[in-house]
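Each chain is listed here by its residues.
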Amino acid sequence: MMRIALVLLLSLIAPAAALAQTGEKPVSIVLVHGAFVDGSGWKAVFDILTDEGYEVLVVQNPTISLNGDVAATQQVIAAARHPVILVGHSYGGMVITEAGDNPKVRDLVYIAAFAPDAGESVASLAEEPVPPGESGAPLLPPHKGYLLVDPSKFPGAFAADVDASITRFMAIAQVPWGLEAVQTKITKVAWKAKPSHFMVTTKDLMIPPTFQRAFAKRASATTMEINSSHAVMLSHPQEVAAFIETAGSAK
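Since the structure is predicted, the reported quantities are computational estimates derived from the model, not experimental observations.

Peer 1: Lay out the pairing of strand E4 (residues 105-111) with the relevant residues and their values.
Peer 2: Along E4, six of the seven residues are buried, which leaves the element largely enclosed by surrounding structure. In terms of strand pairing, strand E3 (residues 84-89) meets E4 through six bridges, oriented parallel. What sits directly across from His 89, in E4, is Ile 111. In the classification by handedness, the crossover that spans E3, the intervening helix H4 (residues 92-99) and the parallel E4 is right-handed. By the bridge criterion, four bridges tie E4 to strand E7 (residues 196-201) in an arrangement that is parallel. Opposite Leu 108, over in E7, you have Ser 196 as the bridge partner.

Peer 1: Break down the packing of aromatic side chains for me, citing the residues and quoting the values.
Peer 2: Here the structure, examined in full by the defined rule, presents five aromatic pairs. The structure contains a cluster of three or more aromatic residues connected by ring pairs, namely Phe 36, Tyr 91 and Trp 177.

Peer 1: Would you mind going over the confidence of the model for the protein chain in detail, with residue names and values included?
Peer 2: For the protein chain, per-residue confidence averages 92 on the pLDDT scale, and 91% of positions sit at 70 or higher. In the model, residues 4-20 has pLDDT below 50 throughout and makes four contacts with residues more than four positions away in sequence or in other chains.

Peer 1: Run through the packing of helix H3 (residues 66-79) against H4, naming residues and quoting values.
Peer 2: The N-to-C vectors of H3 and H4 enclose an angle of 65°; their axes lie 9 Å apart at closest approach. Taken as a pair, H3 and H4 cross one another with a handedness that is right-handed. When H3 is examined against H4, the residues Leu 66, Asp 69, Val 70, Thr 73, Gln 74 and Ile 77 are found in contact with a partner set consisting of Met 94, Val 95, Glu 98 and Ala 99. Considering only residue class, the contact of H3 with H4 consists of six nonpolar, two polar and two charged.

Peer 1: Quick rundown of the sheet that holds E3? Include the residues and the values.
Peer 2: Spatially, the six strands line up as an open sheet ordered E2-E1-E3-E4-E7-E8, and their pairing is parallel. This sheet does not close on itself; its edge strands, each paired only once, are strand E2 (55-59) and strand E8 (222-226). Going from strand to strand, the sheet's axes swing by 15° on average, the running direction of each strand aside.

Peer 1: Explain the side chain of Asp 107 residue by residue, including any values.
Peer 2: Relative to the elements of secondary structure, Asp 107 occurs in strand E4. In this structure Asp 107 comes out as buried when scored by relative accessible area, which is 3%. A polar contact of 2.8 Å, which involves the side chain of Asp 107, links it to the side chain of His 197. Each residue touching Asp 107, except ones within four places of it in the same chain, is listed here: Val 84, Ile 85, Leu 86, Pro 195, His 197 and Ala 247.

Peer 1: Describe the side chain of Glu 98, and please don't skip the residues or the numbers.
Peer 2: The residue Glu 98 is located in helix H4 in this model. Here Glu 98 occupies a buried position and makes no salt bridge, while the nearest side chain of opposite charge, Lys 188, is found at 5.3 Å. When residues no more than four places from it in sequence are discounted, the contact partners of Glu 98 are Val 70, Ile 186, Thr 187 and Lys 188.

Cut-offs used in this document
- Residues numbered from 1 in each chain as written.
- Predicted model: local features only at pLDDT ≥ 70, side-chain atom pairs only at ≥ 80, totals over all residues.
- Heavy atoms only, no water.
- Buried < 20%, exposed > 50% of the residue type's maximum accessible area, 1.4 Å probe, protein only.
- Helix = DSSP H or I, 4+ residues; strand = E, 2+ residues; numbered from the N terminus.
- Pairing = 2+ DSSP bridges.
- Right-handed = clockwise from strand over helix to strand, strands pointing away.
- Phe/Tyr/Trp six-rings, centres within 6.5 Å; stacked < 30°, edge-to-face > 60°.
- pLDDT = per-residue confidence, 0-100.
- Contact = heavy atoms within 4.5 Å.
- Axes fitted to C-alpha atoms, helices over the stretch in contact; angles between N-to-C directions.
- Left-handed = near helix turned anticlockwise from the far one by under 90°.
- Nonpolar A, V, L, I, M, F, W, Y, C, P; charged D, E, K, R; others polar.
- Polar contact = N/O pair within 3.5 Å; in protein donor to acceptor, adjacent residues only side chain to side chain.
- Lys, Arg positive; Asp, Glu negative; His and termini not counted.
- Salt bridge = Lys/Arg side-chain N within 4 Å of Asp/Glu carboxyl O.

Right, dumping it as structure tokens:
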């Protein structure tokens, strides 16, 4: 009996000892991008967190359909070595709300994001009137089932505090956002069962800060506000990485 107990104890100690030897943190971080961009926007945050010893994985969402993006995210969650801190920016908040139902996901982190309830879609949330003094996304009319931000307005609306040479390129290199992704309603709401953390961007001209605060309050999320545009991971990567680390260290 004593030998069995010793074997069980060693089986619990061994993984922790292995992590200590490699210096790797005991959680994995999965980064989920939003609409009109791809996963490369996370590079600065990725570099910071990787240097801190985290396993960091980046999802490349097709942004054609919500179900497709959730499936892509689930594949990355499955590949993670540890319990997952699931991070979503912008439309990525829709994705992590649905995908975060996965039992491997420990915490949710919303960065300037949508945090929907069951039965809500981006389209339904966008029908809410924009508060006075705030702005909604300057979208062009749908074209062949997809949406884009008006390229002439993209730099100021999406990332006013990012170098203009970068945002001009981003405006031209936009990834079209499928109407199926915009119109599909959420069926699973992970923030109702798991700890949530929300970074509100107070200079956001894509998702009004008032909306973000309401999402955070509804989810009972630990909340931080930052004086930033929508593209906070580009303009304030250190602060974003630190906020994600706070979620990673929470118990």
